[in-house]
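Observations on the three-dimensional arrangement
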Amino acid sequence: MKIAAALFLTFCVLLVLIIWSIKRHRDPHLRTQADAPIETLIPSISGLSLGTTVEGNSVELLECNEFFDAVLGDIQSANASVHFETFLWKDGELGRRLAAALSERARAGLQVRVLLDAIGSKDIGEEAERQMKDAGCKFEWFHRRHLLNIGVIAERDHRKIVVIDGRIGYVGGHCIVDDWTNGKAV
């Protein structure tokens, strides 16, 4: 009988921990309705997102090596900051090149922030992580495996964003995996 009571108590504590973990990770909910065309809504969207519209922006489509070469080149040319976020980073030549570029910019005194998904980037390799941290990069894991995150462990960070000096941005489906440099996704 004591074993059943202990198991029930353990189950209850675990259930409370899961519910608490889910409740402490609140997602923002923004709902808007408008009949106006998007062009007239840009100022409102900027205000709601705390962003600013800037005339003269442009978009360029880059694929495979062309994408990674551009990202690495712009990181190496950064003057103030580099913000890097991705889901998947595997140890390899591309990852080593990127870690070296981010580390060099941090050692040069720039603000370098790196946010990686704790599950997707678990194979980054200790050397790359240590290199960036030692160089002064602000390095964080998104939803690291931890008892306090049990309610959100399935919520992953699939964003792939690079922002350089607050004026150059890269978005898309890039992941830091050697096979992606030749056009093949794994």
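Look up: the structure comes first, before these words.
Everything quoted here is computed from the prediction, not taken from an experiment.

1. A closer look at helix 3 (residues 64-76)
Taking 1.5 Å per residue as the helical rise, helix 3 with its 13 residues ought to reach 18 Å, and the 19 Å between its terminal C-alpha atoms agrees with that figure. Against strand 1 (81-86), helix 4 (93-107), strand 4 (161-164) and strand 5 (168-171) lie the buried residues of helix 3.

2. Considering the side chain of Thr86
Of note, Thr86 is situated in strand 1. With near-sequence residues (within four places) excluded, Thr86 lies in contact with Leu115, Leu116, Asp117, Ser121, Asp157, Arg159, Lys160, His174, Cys175 and Ile176.

3. Considering a nonpolar patch on the surface
A surface patch of nonpolar side chains, amounting to about 420 Å² of accessible area, comprises Phe8, Phe11, Leu15 and Ile19. With relative accessibility at 39%, the residue Leu15 sits in the partly exposed group.

4. Focus: the environment of Gly125
Examined against the element boundaries, Gly125 turns out to sit in the loop between strand 2 (111-117) and helix 5 (126-135). A C-alpha to C-alpha distance of 8.8 Å links Gly125 and Gly92, two positions 33 residues apart in sequence.

5. What about helix 5?
Looking only at helix 5, the buried set comprises Ala128, Glu129, Met132 and Ala135. The buried residues of helix 5 all sit within an arc of 140° when viewed along its axis, so they share a single face. With respect to the buried face of helix 5, the exposed residues turned more than 90 degrees away are Glu126, Glu127 and Asp134. Buried positions along helix 5 lie against helix 4, strand 2 and strand 3 (138-142). Positioned one or two residues after helix 5, Gly136 has a phi angle of 105°, which is positive.

6. Quick look at unusual backbone geometry
If you check the backbone angles, Cys64 has positive phi at about 50° while not being a glycine. If you check the backbone angles, Asp165 has positive phi at about 55° while not being a glycine. In this fold, Asp165 is placed in the loop between strand 4 and strand 5.

7. Some points on the sheet that holds strand 1
The strand order across the open sheet formed by five strands is 3-2-1-4-5, and the pairing between neighbours is mixed. Each end of this open sheet is capped by a strand with a single partner; those strands are strand 3 and strand 5. Sheet twist, expressed as the mean angle between neighbouring strand axes with direction ignored, is 5°. Pairing of strand 4 with strand 5, which is carried by four bridges, proceeds in the antiparallel orientation. Bridge pairing in strand 5 places Val162 opposite Tyr170. The strands touched by helix 4 are strand 1 and strand 2; relative to strand 2, the strand with the most contacts, the crossing angle is about 145°.

About the criteria used
Residues numbered from 1 in each chain as written. Predicted model: local features only at pLDDT ≥ 70, side-chain atom pairs only at ≥ 80, totals over all residues. Heavy atoms only, no water. Helix = DSSP H or I, 4+ residues; strand = E, 2+ residues; numbered from the N terminus. Expected span 1.5 Å × (residues − 1). Contact = heavy atoms within 4.5 Å. Patch = residues over 30% accessible without salt bridge, like charges linked within 9 Å, V, L, I, M, F, W, Y side chains within 5 Å. Areas by Shrake-Rupley, 256 points an atom, 1.4 Å probe, with all protein chains shown as cover. Salt bridge = Lys/Arg side-chain N within 4 Å of Asp/Glu carboxyl O. Buried < 20%, exposed > 50% of the residue type's maximum accessible area, 1.4 Å probe, protein only. Arc of directions from axis to C-beta. Pairing = 2+ DSSP bridges. Axes fitted to C-alpha atoms, helices over the stretch in contact; angles between N-to-C directions.

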